[in-house]
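Each chain, letter by letter, is given below.
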Amino acid sequence: MMTSLLGTALMTLVLSGPVLTFAPIGGGGSSHVSITGTALLQKVTETCRAVAEAAGYEFKPTGSSPEELVQACLGPTATGEVSGAKFHSALQEIYVQNGLVDRDFVNSAAHHFNSEAFLEGRRLIMRGNVAIKASIREGNFQAARETLGRVLHTLQDFYSHSNWVELGFTEPYASLLRSDLPLENLADVDTPTCSDCVSGKCPNSILPNILKEKKLTSGYMGIFSAAKPKGKCSHGGAADLTSAVEPRGGISKDERRADNVALHTAAVQLATAASLQLLEDIRLAAGDQDFLRMMGIARSAVVCFVIDTTGSMSDDIAAARQTMYDIIDGKKGTQDEPSEYILVPFNDPEFGPMFKTTDPDKMKTEISKLTARGGGDYPEMCLSGLQLALTGSPASSNIFVFTDAIAKDIHLKDTIVALMQSTKSTVSFFLTRVSKRRRRELRASTFEDYKDLALASGGQAIQVSKSQLPQATDIILDTSTSALVTVLQRARNPGKKETFPFTLDGSLKNITIYITGNAITFTLTDPTGVSQTYNEASGKLGTINTVGNLRRIRLHVGRDTGGWKIEIISTQPYTLKVTGQSTITFIYDFVEKFGGPHAGYAQLSGRPQAGQPATLMLSVIGRKGPSSMTIGSVALVTVSGAETVRNSTTSDMGNGDLLVTVDHVPEGEFVVLLKGTDKVSASEFQRQSTTQMSVSKVNIKAVVDSNMEPGTEFHLPFSVLTQGSGGRYAISARIDKDFPVTYPRSLTLTSGEYANSSLTITPPAGTPSGTDVTLTLEAKSSSGVDSNYVVLRISVVTKITDFAQPLCEVLNVMAYDCPRDVSQCEHFQWKLAAALTDGNGTGIETVSLRQGSGNLTTTSLSDPVTRANYKASCCSQIVEFVAVDKVGNVGRCYHSIVRSAGPPALTGPLWLCLLASAFVMRI
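These figures come from a predicted structure and were not determined experimentally.

### Regarding the sheet that holds strand β30 (residues 755-761)
Then, in step 1: Spatial strand order, β25-β26-β30-β28: 4 strands in an open sheet with antiparallel pairing. Of all strands in the sheet, those bounded by a partner on one side alone are β25 (698-702) and β28 (741-742).
Then, in step 2: Alignment of β25 against strand β26 (residues 714-722), held across 5 bridges, turns out to be antiparallel. Paired with asparagine 699 across the bridge in β26 is leucine 721.

Structure, rendered in structure tokens:
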């Protein structure tokens, strides 16, 4: 529905009222982004308010920015810096997938409810809803967000592309979310539905008998053909070839025009209401905490350890264990408490399994189980363990790898780079010096492999002795924090005398400078000219700690803002990184424009195309929203060189969102550098992305159009093109699960022409529903000089036949002691008993209290009939509890003992019967 635009301005939050505004796009209509954003922000606000009420604190944002919403939602423990970046990123992922439906499924009637494809469209919604709930159940929140974006697009299109609004309905169509309800009164293929509209601008061309009989139809859409059944409505618009065939015109309400303002507005309102219904169903099935985690609202830090468990690693494991204990004990109950703990062990030939938990005590228990064993031959499965961590961790995670051995699976190096670029996660390596026997086996280039990977992700490769490792792990404590930003990162190989300027602003806290390398001297100078050299452990500007090849400089609190510089002298390779804590940051994606009926921008999965202008969508996040900042410049900078591209064209999309186009992209790897002014502190700031990108002449196209099913072959078509030299290109397809995968090992490409092929993945029959599979598909030239990739997430979802919601039957209500005068309610109680069943379904899994301050207990959920008993003060007169079955179907039970003014209160059995009959079971 409406023009798709990736990265459209984040809607203004109206936290004081039940309705959120949304930003008009283009010709004054509303977009999928604005409708989706309105629904998401309202549902997130409702959920945050409910969580706060349950926890006993007040949900009271200090302003309307997402950052202030996240701060208020996390509650009184969120006392430190709180970044809204993950919330922004979650919203963007949903918007992106929503918009891609207009590109990837432009000719699919089912995805848009075109051409009267009502059964097929509902099937997509139902299957998608099942997949979302299964993914959340397994903790695969990114997969859930991506599916949610696609499902919302299809659901919203129903109200714009059908005649639901013209039929006079003012509520969403419940049957679209309930497969147990019929799709009624559908116009059959032989029934004419529209009158001819010569001008193409008729407010309502639905035939009178269709309106009178309440027949449901939708417009036919022809992108490649003008054919449609006789007498049928068209979608309309220049891209619809059927709109020129009688009956001409179209019934789409995608855009607001002078002749359809009322219909467009009604379609937007119903699409928003339907989106809210879907989100509420997902929220009830997932629970409030997991719903907020899906939306990226959690403490920002995620701690992920990838640890070598071979025999020589006992000291390293002990250091990692103590570091984890320090993080857990030192940050528990603060904003810096990690939102999730992840542990991936690796050995040879084993790696994994991955352990994930939000419970710090469970993480302590798991890490205490790590023991060093085996390791007969030297290399280990380091990159296999890292691949598992990159695909299982949230995007933009900090991952720490501990090993004393080279990687046996170095063939995964390109895959690891692709995953780091796709997830924008930062990987740091702690390599301890091995024994003399092992050191003789260690090639000079071995450590370079880890160094290359660390630099590509914006991380660091730290080489220390085993006795020094506890000191080196201070960097983990630094980076396991909320609102971490990078101000500057550079690398030089070979080193030389060079001065690096950088800007520190008033919002930055806990500023730390890291230099890795050997035989290095440096001088740090502040804006006033005060300097400190490398041999001053405690100077005027900060404290310097040296361990192994790492120098860590922690600046003193209260340092000057403005232009700083550090001069480094070395002939050896080194890296420089400046970090701090700040809510001022940005997120970005490279995008490409696509055409069609609803043109827009689509996120690139892979590297931008060489020899062409590059476009990126960039969202700037400030302390009090985008209005608290002024954006200066956006540049592409080579980390390992001196090239900076600033000749960019920037379009301000509003609310801190920028569409940036650069005519020239630097050679080699580059990052994005943003500069601007923080109005709060009246100081200039700079921020740098961490993950390095590069361009490619290779392009890979692949679209996931369905979920996988356990035990069933899944076929994925893909196409590869090169704008460079033709010839034989190596193909690799790697997934993070031990599933059989078959694909061609190479393709012969002709320059400028796509070569088509496919791959097959077969999930084992016992794969749990909701399992998330990450596929990295790569194509590389025979010379190895040029390559590109796509990273796709595919959910494994068991075919569901149970769509029936749990049912509730009131057994009795005892409320006759409750006084009519509510002011006298304090010393009285009422009770309710109900029977919960799931019929022939999968069985009830959870029962939870949604409204009411009383006590809810249940008998065993495994019984055929579960008895729910509720007891509350007469002051709490409403109860609502929710039953969720094992596939996520939701039953909502609501009851009120509120008495209206009028006749005297009934007593005894007659009153109980009336109360029972008033019981409402809402689904």
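### Considerations on the layout of surface pockets
Then, in step 1: Put simply, the second largest pocket is a space of about 1,100 Å³.
Then, in step 2: Taken together, 48 residues line the second largest pocket, and the ones lying closest to its centre are Arg607, Gly668, Glu669, Ser694 and Val785.
Then, in step 3: Contributions of two or more residues to the lining of the second largest pocket are made by α13 (413-423), α15 (446-457), β7 (484-492), β15 (574-581), β27 (727-735), β31 (771-781) and β32 (787-796).
Then, in step 4: In terms of residue count, α15 provides more of the lining of the second largest pocket than any other element does, 6 residues in total.

### A look at the side chain of serine 619
Then, in step 1: By the secondary structure assignment, serine 619 is in strand β18 (residues 614-621).
Then, in step 2: Judged by relative accessible area, serine 619 falls into the buried class, the value being 2%.
Then, in step 3: Reaching out from serine 619, the side chain makes a polar contact with the side chain of glutamine 92 at a distance of 3.1 Å.
Then, in step 4: Not counting the four nearest positions on each side in its chain, serine 619 is found in contact with Gln92, Thr585, Phe586, Ile587, Gly656 and Asp657.

### Some thoughts on the packing of helix α5 (residues 118-137) against helix α8 (residues 261-286)
Then, in step 1: Running from amino to carboxyl end, α5 crosses α8 at an angle of 35 degrees, the nearest separation of the two axes being 10 Å. At the point where α5 passes α8, the crossing takes the right-handed sense. Facing Asn129, Ile132, Lys133 and Ile136 of α5, the residues of α8 in contact are Leu278, Asp281, Ile282, Ala285 and Ala286.
Then, in step 2: Partitioned by chemical class, the residues of the contact of α5 with α8 number 6 nonpolar, 1 polar and 2 charged.

### A word on α5
Then, in step 1: Helix length check: α5 (20 residues) gives 29 Å between terminal C-alpha atoms against 28 Å at 1.5 Å per residue, within 8%.
Then, in step 2: Trailing α5 by a residue or two, glycine 139 shows a phi angle of about 80 degrees, which is positive.

### Describing the pattern of salt bridges
Then, in step 1: The full count for this structure, using the stated rule, is 36 salt bridges.
Then, in step 2: Among the ionic pairs, aspartate 259 bridges to arginine 257, the shortest N-O distance being 3.1 Å.
Then, in step 3: Note on arginine 257: relative accessible area 26%, which makes it partly exposed.
Then, in step 4: Here the salt bridges share partners, and the residues they tie into one network are Lys43, Glu46, Glu280, Arg283, Asp288 and Arg850.

### Quick word on the environment of alanine 804
Then, in step 1: Locating alanine 804 in the fold gives a position in the loop between β32 and β33 (807-814).
Then, in step 2: When its relative accessible area of 37% is taken as the criterion, alanine 804 is described as partly exposed.
Then, in step 3: If we ignore the near neighbours within four places in the chain, the residues touching alanine 804 are Asp838, Asp885 and Asn889.

### Notes on the sheet that holds strand β2 (residues 340-346)
Then, in step 1: Strand order across the open sheet formed by 6 strands is β3-β2-β1-β4-β5-β6, with mixed pairing between neighbours. Only two strands of the sheet have a single neighbouring strand rather than two, namely β3 (355-357) and β6 (461-464). Direction aside, the axes of adjacent strands within the sheet are offset by 15 degrees on average.
Then, in step 2: Along the sheet, helix α11 (residues 360-368) contacts β1 (302-308), β2 and β3; its crossing angle with β2, the most-contacted strand, is approximately 15 degrees.

### Quick word on the nonpolar core
Side chains of a nonpolar character, in soluble globular proteins, are inclined to be buried together.
Then, in step 1: In terms of nonpolar packing, the biggest core is built from 58 residues, with Val44, Phe87, Leu148, Phe158, Tyr159, Met295 and Ile297 touching the most fellow members.
Then, in step 2: At the level of secondary structure, the elements contributing two or more residues to this core comprise α1 (32-55), α2 (66-74), α3 (85-104), α5, α6 (141-161), α8 and α9 (288-294).
Then, in step 3: In terms of residue count, α8 provides more of this core than any other element does, 11 residues in total.

Scoring rules and cut-offs
Residues numbered from 1 in each chain as written. Predicted model: local features only at pLDDT ≥ 70, side-chain atom pairs only at ≥ 80, totals over all residues. Heavy atoms only, no water. Pairing = 2+ DSSP bridges. Helix = DSSP H or I, 4+ residues; strand = E, 2+ residues; numbered from the N terminus. 1 Å grid on protein atoms, 1.4 Å probe; cavity = no way out; pocket = protein on both sides within 12 Å on 5 of 7 lines; lining within 4 Å. Points joined across faces, edges and corners; volume = space filled by probe spheres on them. Buried < 20%, exposed > 50% of the residue type's maximum accessible area, 1.4 Å probe, protein only. Polar contact = N/O pair within 3.5 Å; in protein donor to acceptor, adjacent residues only side chain to side chain. Contact = heavy atoms within 4.5 Å. Axes fitted to C-alpha atoms, helices over the stretch in contact; angles between N-to-C directions. Left-handed = near helix turned anticlockwise from the far one by under 90°. Nonpolar A, V, L, I, M, F, W, Y, C, P; charged D, E, K, R; others polar. Expected span 1.5 Å × (residues − 1). Salt bridge = Lys/Arg side-chain N within 4 Å of Asp/Glu carboxyl O. Core = buried A, V, L, I, M, F, W, Y, C linked by side-chain atoms within 4.5 Å.

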